[in-house]
Amino acid sequence: TKLILKANVVTVTINKYVGIIEDKYKATNIKCIPHGTFEELTEPSYSIPEGPKKIMTFGKFGTYKKVEVLIEAVEKLRATQEIDLEIIIAGTDNPNVPGYLKKVKETFKHVPKLIFTGYVEESAVPKLFEESSVVVFPYTSTTGSSGVLHQAGSYGRAVVMPNIDDLATLSEQEGYKAEYFETEDASSLATALNKIIKDDTYRMSLGKANYEAATKYPMSKIAQMYLDTFNTIISEVDLT
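In this text, all values refer to a predicted model and were calculated from it rather than measured experimentally. Numbering of residues starts from 1 in each chain and follows the order in which that chain's sequence is written. Owing to the predicted nature of the model, reporting of local features is limited to residues with pLDDT of at least 70; listing and counting of side-chain atom pairs is limited to 80 or more, with chain, interface and lining totals taken over all residues. Excluding hydrogens and water, the side-chain figures rest on all heavy atoms present in the structure.

A. Region of interest: the overall build of the chain. Within the chain one finds nine helices and eight strands. Based on C-alpha atoms, the radius of gyration is set beside the globule rule, defined as 2.2 Å times the residue count to the power 0.38. For 240 residues, the compact-globule estimate of 2.2 N^0.38 gives 18 Å, and the chain sits close to it at 20 Å. Contact between two residues is taken to exist if any of their heavy atoms lie within 4.5 Å; hydrogens are not considered. Long-range pairs, those at least 24 residues apart, make up 71% of the contacts in the chain with a sequence separation of at least 6. Computed with a 1.4 Å probe, the accessible areas rest on the Shrake-Rupley method; for each residue, only the protein chains presented here act as cover. Here the chain displays about 12,500 Å² of accessible surface, and carbon together with sulfur accounts for 52% of that area. Put simply, DSSP marks the helices as runs of H or I at least four residues long and the strands as runs of E at least two long, and each gets a number from the N terminus on.

This is how it looks when you write it as structure tokens:
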């Protein structure tokens, strides 16, 4: 960290990190530039297709992203609610945990309507999000800003996130709205999911808030923030 701080400017994606680094390292060259959204989309439809309500998670799994709690939560819902639910595990193993999803698939082979998509081609990503009733983040920890959260917002999806400080902070600072659950607690996750899937008006209100948050910082705006930062550095540095 001390080596990185030798740079003219160090950028972070969450404003809280500015204060942490300034306090811990007495740095004065920290700047927050948000993660931003790669997609620049027209406002989506917040409706969902007829048929099973799809509960989707997306990423590389096996380290701090684990899907067992999601599967167990949906099974708890099925035991108490007459709702047609489908679980979509979209993505692959984290390279550090090869075979993780294969093991999960074997462990939960008795669970109906449990779908493992494998690697998702870029062209298939919009349909994946648009058909989902809710996007779940079954994380046990976080490394900061979440690209999947910004994608979910781009497509106007409701989200359920663990009650982890960094994700909650990001949500509040950038305007995202979510239902929260206690990390690795299937009952807590089932309760959060139930609030969304049983109330279409609430689900759509979350999706609209997340779309507004995601489109607040399109990549064109983020790129301009970096260009402005570069130009400020150039104007301050003696290049002769």
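B. Up close: the packing of aromatic side chains. Each Phe, Tyr or Trp ring (for Trp, its six-membered ring) is paired with any other whose centre lies within 6.5 Å, and the angle between the two planes then decides the class: stacked below 30 degrees, edge-to-face above 60, tilted in between. This model, assessed by the stated rule, comprises five aromatic pairs. On the numbers, 5.4 Å between centres and 15° between planes, the contact of Phe-129 with Tyr-155 is stacked. Of the two residues, Phe-129 sits in helix H4 (residues 125–130) while Tyr-155 sits in the loop between helix H5 (147–154) and strand S7 (158–162), which places them 26 residues apart along the sequence. Across the pair, Tyr-155 and Phe-129 agree in class, each one buried. Members of the aromatic cluster, joined through ring pairs, are Phe-58, Phe-129 and Tyr-155. Buried, partly exposed and exposed residues are distinguished by accessible area as a fraction of the type maximum, computed with a 1.4 Å probe on protein chains only: under 20%, between the cut-offs, and over 50%, respectively.

C. Focus on the nonpolar core. Definition used in this section: a nonpolar core is a set of buried Ala, Val, Leu, Ile, Met, Phe, Trp, Tyr and Cys residues joined via side-chain atoms within 4.5 Å. The biggest cluster of nonpolar side chains holds 33 residues, and the ones touching the most others in it are Ile-30, Met-56, Phe-58, Phe-129, Val-135, Phe-137 and Val-159. Excluding anything up to four places from it in sequence, Phe-137 contacts Ser-146, Val-148, Leu-149, Val-159, Val-160, Met-161, Pro-162 and Phe-181. Phe-61, Ile-71, Phe-108 and Val-134 belong to the second largest nonpolar core, which has 32 residues in total.

D. Representation of the pattern of salt bridges in the model. Basic side-chain nitrogens of Lys or Arg form a salt bridge, by our definition, when they fall within 4 Å of a carboxyl oxygen of Asp or Glu. Summed over all chains, the structure comprises eight salt bridges. Asp-200 is the partner of Lys-53 in a salt bridge, and the nearest nitrogen-oxygen pair spans 3.8 Å. Here the residue Lys-53 occupies a position in strand S3 (residues 53–61), and Asp-200 occupies one in helix H8 (residues 200–215), the gap between them amounting to 147 residues. According to the relative accessible area criterion, Asp-200 is partly exposed, its value standing at 37%.

E. Structural view of the sheet that holds strand S5 (residues 114–118). The strand order across the open sheet built from six strands is S5-S4-S3-S6-S7-S8, with neighbouring strands paired in parallel fashion. Both outer strands of the open sheet, S5 and strand S8 (179–181), are each paired with one neighbouring strand and no more. Averaged over all pairs of adjacent strands, the angle between their axes in this sheet comes to 25°, without regard to strand direction. DSSP calls a pair of strands paired once it identifies at least 2 bridges connecting them. In this sheet, strand S6 (residues 132–136) lies alongside S3 in parallel orientation, the contact comprising three bridges. Looking at the pairing, Lys-54 lines up with Ser-132 of S6. Note on geometry: axes are C-alpha line fits, over the in-contact stretch for helices, and angles between N-to-C directions span 0 to 180 degrees. The sheet strands contacting helix H2 (residues 68–80) are S3, strand S4 (85–93), S5 and S6, and the helix crosses S4 at an angle near 175°. Together, S3, S4, S6, S7 and S8 form the strand contacts of helix H7 (residues 186–197), whose direction differs from that of S8 by roughly 165°.

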